[in-house]
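Structural description and commentary
Chain by chain, the residues run as shown.
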Amino acid sequence: TDARISWFVFVVRLAAAFTPAHREQIVQALEAANIGCGRYFAPIHLQPAYANIPHTQPLPVTESIATRTIALPFFNRIQESQIATVCSCLKHAIQRIR
């Protein structure tokens, strides 16, 4: 079968030692450098569309990971220099926290 993966987002997960406040600091640092990014992903069971569907078991791992993920710029014409800039800014923002 001829199948291809179509990626739509590039998400990094911060280590468990990072808090939601740390993620916010990193996102703000990237945005200050004019790097668009997002706070991904909200757990499905906590999204508004599922608010009326009760979940009987807590999902602490899902919820913990969700607070430590960042979607980085990802598009078909991204240039190597842009990737390098994103990586450099992300590294610098992380180092400021540590």
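The structure under discussion appears in the preceding block.
For clarity, every value in this text was computed on a predicted model and none was experimentally measured.

Now for the overall build of the chain. What the chain contains, in helices and strands, is three helices and two strands. Reading the helices (α) and strands (β) of the chain from amino to carboxyl end gives β-α-α-β-α. The C-alpha radius of gyration of the chain comes to 16 Å, more than 25% above the 13 Å expected for a compact globule of 98 residues. When the backbone C-alpha atoms are referred to their principal axes, the chain occupies close to 45 × 45 × 20 Å. Counting the 98 residues in the chain, one finds 24% classified as buried. Long-range contacts, defined here as pairs at least 24 residues apart, represent 74% of the contacts in the chain between residues at least 6 apart. Total accessible area computed for the chain in this model is approximately 7500 Å², and 56% of it derives from carbon and sulfur atoms. Averaging the coordinates of the 9 positive side-chain charges in the chain and doing the same for the 5 negative ones gives two points 6 Å apart.

So, about the pattern of salt bridges. Overall, the coordinates contain one salt bridge when judged by the stated rule. Residues Arg39 and Glu24 are paired through a salt bridge, measuring 2.8 Å at the closest nitrogen-oxygen approach. In this pair, Arg39 sits in the loop between helix 1 (20–32) and helix 2 (60–66) while Glu24 sits in helix 1, placing the two residues 15 residues apart along the sequence.

This part covers the packing of helix 1 against helix 3 (residues 80–97). Look at helix 1 against helix 3: their axes get within 9 Å of each other, and the N-to-C directions meet at 140°. Relative to helix 3, helix 1 is oriented oblique. Seen along the crossing, helix 1 lies across helix 3 with a hand that is right-handed. Residue-level contacts link His22, Gln25, Ile26, Ala29 and Leu30 of helix 1 to Val86, Cys89, Leu90, Ala93, Ile94, Arg96 and Ile97 of helix 3. Here the contact of helix 1 with helix 3 is composed, by residue class, of nine nonpolar, two polar and one charged.

Okay, the side chain of His45 next. Here His45 is to be found in the loop between helix 1 and helix 2. Within the structure, the side chain of His45 is placed 2.8 Å from the side chain of Glu63, a separation counted as a polar contact.

A separate point is the nonpolar core. Soluble globular proteins: nonpolar side chains tend toward being buried together. Within the largest apolar cluster, 15 residues are counted, with the highest numbers of intra-cluster contacts made by Leu14, Ile26, Leu30, Ile70, Leu72, Leu90 and Ile94. Put simply, the parts of the chain that give this core at least two residues each are helix 1, strand 2 (69–72) and helix 3. For Ile70, the residues in contact, after removing those within four places along its chain, are Phe10, Val11, Val12, Leu14, Arg23, Ile26, Val27, Leu30, Cys37, Gly38 and Tyr40.

The rules we used
- Residues numbered from 1 in each chain as written.
- Predicted model: local features only at pLDDT ≥ 70, side-chain atom pairs only at ≥ 80, totals over all residues.
- Heavy atoms only, no water.
- Helix = DSSP H or I, 4+ residues; strand = E, 2+ residues; numbered from the N terminus.
- Rg over C-alpha atoms; globule rule 2.2 N^0.38 Å.
- Buried < 20%, exposed > 50% of the residue type's maximum accessible area, 1.4 Å probe, protein only.
- Contact = heavy atoms within 4.5 Å.
- Areas by Shrake-Rupley, 256 points an atom, 1.4 Å probe, with all protein chains shown as cover.
- Lys, Arg positive; Asp, Glu negative; His and termini not counted.
- Charge placed at Lys NZ, Arg CZ, Asp CG, Glu CD.
- Salt bridge = Lys/Arg side-chain N within 4 Å of Asp/Glu carboxyl O.
- Axes fitted to C-alpha atoms, helices over the stretch in contact; angles between N-to-C directions.
- Parallel < 35°, antiparallel > 145°, perpendicular 65-115°, else oblique.
- Left-handed = near helix turned anticlockwise from the far one by under 90°.
- Nonpolar A, V, L, I, M, F, W, Y, C, P; charged D, E, K, R; others polar.
- Polar contact = N/O pair within 3.5 Å; in protein donor to acceptor, adjacent residues only side chain to side chain.
- Core = buried A, V, L, I, M, F, W, Y, C linked by side-chain atoms within 4.5 Å.

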